[in-house]
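# Descriptive structure summary
Spelled out, the chains give:
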Amino acid sequence: MEGGEPKIRLTAVNLTKKFDRKIIFENISFELSAGSSLAITGKNGSGKSTLIKTLANVIEKSSGEINFYSDGSEVKKEHYYKHIGFVSPYLNLYDEFTGYENLKIISNIRGINGDNINNVLKKVGLYDRRGDLLKIYSSGMKQRLKIAFSILHNPLILLLDEPTSNLDSEGVRIVDEIANDYKKDRILIIATNDENEKSLCESEVNLDRGD
Ligand SMILES: Nc1ncnc2c1ncn2[C@@H]1O[C@H](COP(=O)(O)OP(=O)(O)O)[C@@H](O)[C@H]1O
Ligand SMILES: [Mg+2]
């Protein structure tokens with residue numbers, strides 16, 4: 001390994017996203033390395049979720065650059081999912097399976113073994129409800145399961161889109177703990193307008209444009 005290379009680095013250079021000809025965000029640039037955190041803020045419809053999805057390589061950027069390095073070498077776009085954890089209101093879970101089974105399915109898709117599932121279920125406070133079908137989970141329990149899903153593979157980058165929506169105070173405390181843990185030596189990005197979520201991050205990109 002080359003000396004002095006940061007362990008993890010994520011950079012965006014002039015990142016722009018359009019849907020058809022409509023500009024959602026334009027020329028967004030930032031540089032994050034291990035131990036840094038970023039809040040993506042802006043009013044409803046300003047493009048926060050779209051930016052999070054673009055960074056996760058779930059949707060395509062229109063122009064600009066995203067670069068992700070781990071241990072000095074560039075991570076290929078098709079491998080992002082192995083190193084990025086993602087919590088989003090758009091994430092679909094399987095209603096006809098239990099909480100445990102949902103995480104097992106995701107582990108299989110990601111090609112990781114399921115050894116960590118019970119620990120992660122304990123961490124988000126769902127261990128006792130792991131055998132219940134998702135269709136009887138409350139919205140807060142589903143949100144906790146999404147958080148479990150995002151950290152299951154111990155990713156280098158954690159992307160949280162309004163992570164504490166639907167959560168009770170205990171759920172908020174769990175998110176704070178996970179966020180603080182990621183901030184120590186990995187990268188944390190939160191799309192939010194919530195003051196508590198914002199306060200977890202050291203830097204901010206605001207997507208509001210002068211309109
Ligand atoms: N797949 C899509 N096709 C067209 N427009 C979209 C699509 N997804 C989001 N948008 C639009 O992009 C804008 C930003 O949406 P979003 O990123 O969800 O904002 P935020 O998360 O800040 O509330 C909105 O105007 C939304 O309607
Ligand atoms: Mg959003």
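See the structure printed just above.
Scope of this entry: the structure provided in the associated data block. (Residues numbered from 1 in each chain as written. Chains lettered and ligands numbered in written order. Predicted model: local features only at pLDDT ≥ 70, side-chain atom pairs only at ≥ 80, totals over all residues. Heavy atoms only, no water.)

## Considering helix α5 (residues 139-151)
Taking 1.5 Å per residue as the helical rise, α5 with its 13 residues ought to reach 18 Å, and the 19 Å between its terminal C-alpha atoms agrees with that figure. Counting buried positions along α5 gives 11 out of 13 residues, so the element sits mostly inside the fold. Of all the residues in α5, the buried ones are G140, M141, Q143, R144, L145, K146, I147, A148, F149, S150 and I151. (Helix = DSSP H or I, 4+ residues; strand = E, 2+ residues; numbered from the N terminus. Expected span 1.5 Å × (residues − 1). Buried < 20%, exposed > 50% of the residue type's maximum accessible area, 1.4 Å probe, protein only.)

## Details of the site of ligand 1
For ligand 1, the full set of nearby residues is F19, K22, I24, K43, N44, G45, S46, G47, K48, S49, T50 and Y90. Within the contact set of ligand 1, an oxygen atom lies 3.0 Å away from a side-chain nitrogen or oxygen of K22. Between ligand 1 and G47 there is a distance of 3.0 Å, counted from an oxygen atom to a backbone nitrogen or oxygen. Within the complex, the protein chains bury 61% of what would otherwise be the 570 Å² of accessible surface of ligand 1. (Near = heavy atom within 4 Å. Polar contact = N/O pair within 3.5 Å; in protein donor to acceptor, adjacent residues only side chain to side chain. Areas by Shrake-Rupley, 256 points an atom, 1.4 Å probe, with all protein chains shown as cover.)

## Examining the packing of aromatic side chains
A full pass over the atoms with the stated rule returns two aromatic pairs. Ring centres 5.3 Å apart and planes at 75° place the aromatic pair F68 and Y80 in the edge-to-face group. Within this pair, whereas F68 is found in strand β4 (residues 63-70), its partner Y80 is found in helix α2 (residues 80-83), the two being separated by 12 residues in sequence. Here F68 falls in the buried class, since its relative accessible area comes to 0%. When the ring of Y94 is compared with that of F97, the centres are 6.0 Å apart and the planes differ by 80°; the resulting orientation is edge-to-face. On the accessibility criterion, Y94 (37% relative accessible area) is partly exposed. Seen from the ring of Y127, R130 lies directly overhead, with NZ or CZ sitting 3.9 Å from the centre. (Phe/Tyr/Trp six-rings, centres within 6.5 Å; stacked < 30°, edge-to-face > 60°. Lys NZ or Arg CZ within 6 Å of the ring centre and 35° of its normal.)

## Topic: the sheet that holds strand β7 (residues 157-161)
Taken in spatial order, the five strands make up an open sheet running β6-β7-β8-β3-β9, and their pairing is parallel. A single partner strand is all that each edge strand has here, and the edge strands are β6 (84-87) and β9 (203-206). Adjacent strand axes in the sheet meet at a mean angle of 15° when their direction is disregarded. Two strands pair when backbone bridges link them, and β6 and β7 are joined in this way by four bridges, in the parallel orientation. When the sheet's bridge partners are listed, G85 is paired in β7 with L158. This element, α5, spans β6 and β7 of the sheet and lies at about 170° to β6. Those strands touched by helix α6 (residues 169-185) are β3 (36-41), β7 and β8 (187-191), and its axis lies near 135° from that of β8. (Pairing = 2+ DSSP bridges. Axes fitted to C-alpha atoms, helices over the stretch in contact; angles between N-to-C directions. Contact = heavy atoms within 4.5 Å.)

## Description of the environment of L188
Mapping L188 onto the fold places it in strand β8. Measuring from C-alpha to C-alpha, the distance between L188 and S165 comes to 17 Å, with 23 residues separating the pair along the chain. Discounting residues that sit within four places of it in the chain, L188 has contacts with S36, S37, L38, L158, L160, A179, Y182, K183 and L200.

## Focus on the pattern of salt bridges
Counted according to the given criterion, the structure contains 12 salt bridges. Of the charged contacts, one joins D168 and R144 as a salt bridge, the two residues approaching to 3.0 Å between their closest N and O atoms. Here D168 is found in the loop between β7 and α6, whereas its partner R144 is found in helix α5, with 24 residues between them in sequence. R144 gets classed as buried once you look at its relative accessible area, which sits at 12%. For D181, the salt bridge identified is with R186, shortest N-O distance 3.8 Å. Taken together, the shared-partner salt bridges in this structure form one network comprising D181, K184, D185 and R186. (Salt bridge = Lys/Arg side-chain N within 4 Å of Asp/Glu carboxyl O.)

## Re the sheet that holds strand β1 (residues 8-19)
Taken together, the four strands give an open sheet; going across it, the order is β2-β1-β4-β5, and neighbouring strands pair in antiparallel fashion. Of all strands in the sheet, those with a lone pairing partner are β2 (22-33) and β5 (73-74), marking the two edges. Alignment of β4 against β5, held across two bridges, turns out to be antiparallel. Bridge pairing in β5 links S70 to S73. The strands touched by helix α1 (residues 48-55) are β1, β2 and β4; relative to β2, the strand with the most contacts, the crossing angle is about 55°.

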